[in-house]
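# Survey of secondary and tertiary structure
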Amino acid sequence: MEKLKIRANGALNGEITISGAKNAALPLLCASLLTSETLHLTNVPMLRDVKTTQKLLQGMGARVLTDNIHEFEINCNSINNTCAPYDLVKTMRASILVLGPTLAHFGEAQVSLPGGCAIGSRPVDQHLKGLEAMGAEISIEHGYVKARAQRLQGAHIVMDMVTVTGTENLLMAATLASGTTVLENAAMEPEVTDLANCLVKMGANIQGIGTPTLTIQGVEKLHGCTHSVVPDRIEAGTFLCAVAMAGGKVVLKNAAPKTMQTVLEKLTEAGAIIETGENWISIDMQQRPKAIDIRTLPYPAFPTDMQAQFMAMNAIATGSSKVVETIFENRFMHVPELNRMGARISAEGNTAIIQGVEELSGTTVMATDLRASACLVLAGLVASGETIVERIYHLDRGYENIEQKLGNVGAIIERINDH
Ligand code: UD1
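Model, not experiment: these values are computed from the prediction. (Residues numbered from 1 in each chain as written. Predicted model: local features only at pLDDT ≥ 70, side-chain atom pairs only at ≥ 80, totals over all residues. Heavy atoms only, no water.)

Glancing now at helix H4 (residues 99-106). Judged by how many residues are buried, H4 sits mostly within the fold: six of eight residues are covered. Residues of H4 that are buried include every one of Leu99, Gly100, Pro101, Thr102, Leu103 and Ala104, and no others. On its buried side, H4 packs onto helix H1 (22-31), strand S7 (108-112), helix H5 (125-133), strand S9 (144-148) and helix H6 (164-175). Where H4 terminates, the next one or two residues include Gly107, which has phi positive at roughly 80°. (Buried < 20%, exposed > 50% of the residue type's maximum accessible area, 1.4 Å probe, protein only. Helix = DSSP H or I, 4+ residues; strand = E, 2+ residues; numbered from the N terminus. Contact = heavy atoms within 4.5 Å.)

Okay, here's the thing in structure tokens:
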């Protein structure tokens, strides 16, 4: 089992290059199902979830023509199986993203129901409701969603809540439907916008990109294109929190500051000096962070995927803070682990109250989700003694070479393998 061994080593200084966004790369890879031509993606992060998506598409008959580092050429003109099996879906809930494009292009799709996960029940009812409104016949049999439609029909869909992959699934499906689809209360996350921009390059007709109302005029077919995946705002935010906690001066290259305004404002409130250019962010932190309150909400408000990392920062900040998680019902699994490291956090329901402490103390910790694991790495960077973070396969789902990137700016962090 691989683990990370971390020792505090003072301030972080230097440069880190940000990878492409996991949450954009996954739907973009699935968009290849919408065309018989080749989709060429660049700036693809090398992550376990990307590999899982590749396996999923290959299992359906897709040909991966190039999988160079950070680059994929993928062709779906030989799809011979429209099923996403449980074995893969259970390891990655985003597998549900094959449902919309497969149904729209091939007239049928079967996707294993994802089931619960560590951070909550996460149902897919909005995905199914939208596809039904577009004329799909949907049944749940033997744990699988089975969907059929000769050709999807445009529809007016108002989503009950803002759902990121739900919006992406319906957006992809609508590109090949006959007539006009209006998606209201659509997610505005930058990864949805990135997908929409790529679909337009593929020949889709989409109005309202970046707003809560997407209007899609269906077309007969889409073609291939080349698209560069938007930089990962959550990876960038995680490294900014690391510097806000450890101190120092770091420049993030290949970043997208315009997609992370709220996070940058919160870091400024915590005492960091942030500067940005078109594709870089610099952070200068010369003081202990100040405690800041957070409430997670859909974009452009504060992202749930940054909640755990800011909790780690608040744990060592001056003063006390309140963190409210409104997106997922069970996303405080890092709290008991941070407390084992000496943090003073009490959580009840979706609210955590954090009393900042001067120092954390290293120990062996683990987390059962991706961002909670990242939060424990951050805590390890400033804790006294040694911190061992176990179960880092969660981290590898969403962070490319995290130990190397942090090591390059001065952190002492090492991957160890004990069987
Ligand atoms: C995506 C991101 C994930 C992020 C989350 C919220 C990807 C691959 N993952 O997950 O990193 O944390 O957005 O920003 O992009 N819901 C329903 N019914 C549905 C769909 C969602 O009740 O049909 C609920 C969920 O349980 C949750 C909320 O809506 O409480 C938001 O979930 P959603 O935006 O769908 O999350 P994901 O798309 O799974």
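From this point on, the discussion continues.
Taken as a whole and assessed by the stated rule, the structure comprises 20 salt bridges. Put simply, Arg397 and Asp49 hold a salt bridge, and the shortest N to O gap is 3.0 Å. Here Arg397 is found in helix H13 (residues 393-398), whereas its partner Asp49 is found in helix H2 (residues 48-59), with 348 residues between them in sequence. One salt bridge connects Asp160 with Lys129, and the closest N-O pair in it is separated by 2.9 Å. A residue pair is termed long-range when its members are at least 10 positions apart, and Asp160 in the loop between strand S10 (156-158) and H6 and Lys129 in helix H5 qualify at 31 residues. Salt bridges linked by common partners bring Glu2, Asp396, Glu403 and Arg415 together as one network. (Salt bridge = Lys/Arg side-chain N within 4 Å of Asp/Glu carboxyl O.)

All right, on to the site of the ligand then. Asp125, Thr163, Thr165, Asp305 and Ile327 are the nearest of the 18 residues found near the ligand. One nitrogen or oxygen atom from the main chain of Gln126 is found 2.7 Å from an oxygen atom belonging to the ligand. A total of three residues in the shell around the ligand trace back to one element, the largest contributor, which is H5. In terms of residue class, the shell around the ligand is made up of eight nonpolar, six polar and four charged. (Near = heavy atom within 4 Å. Polar contact = N/O pair within 3.5 Å; in protein donor to acceptor, adjacent residues only side chain to side chain. Nonpolar A, V, L, I, M, F, W, Y, C, P; charged D, E, K, R; others polar.)

Aromatic ring pairs are defined here through the distance separating the ring centres and the angle between the ring planes. Evaluation of the coordinates by the stated rule reveals one aromatic pair. Plain terms: the ring middles of Phe302 and Phe310 are 4.9 Å apart, the flat faces sit at 85° to each other, and that makes the pair edge-to-face. The class of Phe310 is buried, set by a relative accessible area of 0%. (Phe/Tyr/Trp six-rings, centres within 6.5 Å; stacked < 30°, edge-to-face > 60°.)

To continue, consider empty space enclosed by the protein. Considering all chains together, one arrives at one cavity of 30 Å³ or more under this definition. Here the largest cavity is characterised by a volume of approximately 30 Å³. In this structure, the largest cavity is lined by Ala21, Lys22, Asn23, Glu191, Asp232, Ile234 and Arg371. Considering only residue class, the lining of the largest cavity consists of two nonpolar, one polar and four charged. (1 Å grid on protein atoms, 1.4 Å probe; cavity = no way out; pocket = protein on both sides within 12 Å on 5 of 7 lines; lining within 4 Å. Points joined across faces, edges and corners; volume = space filled by probe spheres on them.)

Turning our attention to the layout of surface pockets. The volume enclosed by the second largest pocket comes to roughly 170 Å³. Lining the second largest pocket are Pro190, Thr193, Asp194, Asn197, Val230, Ala256, Pro257, Lys258, Thr259, Glu278 and Tyr299.

Spatially, the four strands line up as an open sheet ordered S10-S11-S13-S12, and their pairing is mixed. On the outer flanks of this sheet lie S10 and strand S12 (205-207), each paired with one strand and no other. Taken over all neighbouring pairs, the strand axes of this sheet differ in orientation by 15° on average, direction set aside. Here S12 pairs with strand S13 (residues 213-217) via three bridges, running antiparallel. Residue Asn205 lies in a different strand from S13, and its bridge partner there is Gln217. In this fold H6 packs onto S10, strand S11 (180-184), S12 and S13, with an angle of close to 25° to the strand it touches most, S13. (Pairing = 2+ DSSP bridges. Axes fitted to C-alpha atoms, helices over the stretch in contact; angles between N-to-C directions.)

A separate point is the sheet that holds strand S21 (residues 351-355). Backbone hydrogen bonds are what pair the strands of a sheet, in a parallel or an antiparallel way. In space, the four strands of this open sheet follow the order S18-S19-S21-S20, with mixed pairing throughout. Pairing within the sheet leaves two strands with one partner each, and these edge strands are strand S18 (294-295) and strand S20 (344-348). Of the strand pairs in this sheet, S20 and S21 are connected by five bridges, and their pairing is antiparallel. Paired with Arg344 across the strands is Gln355, a residue of S21.

What follows deals with the state of the cysteines. The full count for this structure, using the stated rule, is zero disulfides. Of the cysteine sulfurs around Cys83, a residue in no disulfide, the closest is that of Cys30, at 14 Å. No disulfide involves Cys375; its nearest neighbouring cysteine sulfur is the one of Cys241, lying 9.7 Å away. Using a relative accessible area of 0% as the deciding quantity, one classes Cys375 as buried. (Disulfide = S-S within 2.5 Å.)

Keep in mind these values describe shape, not function.
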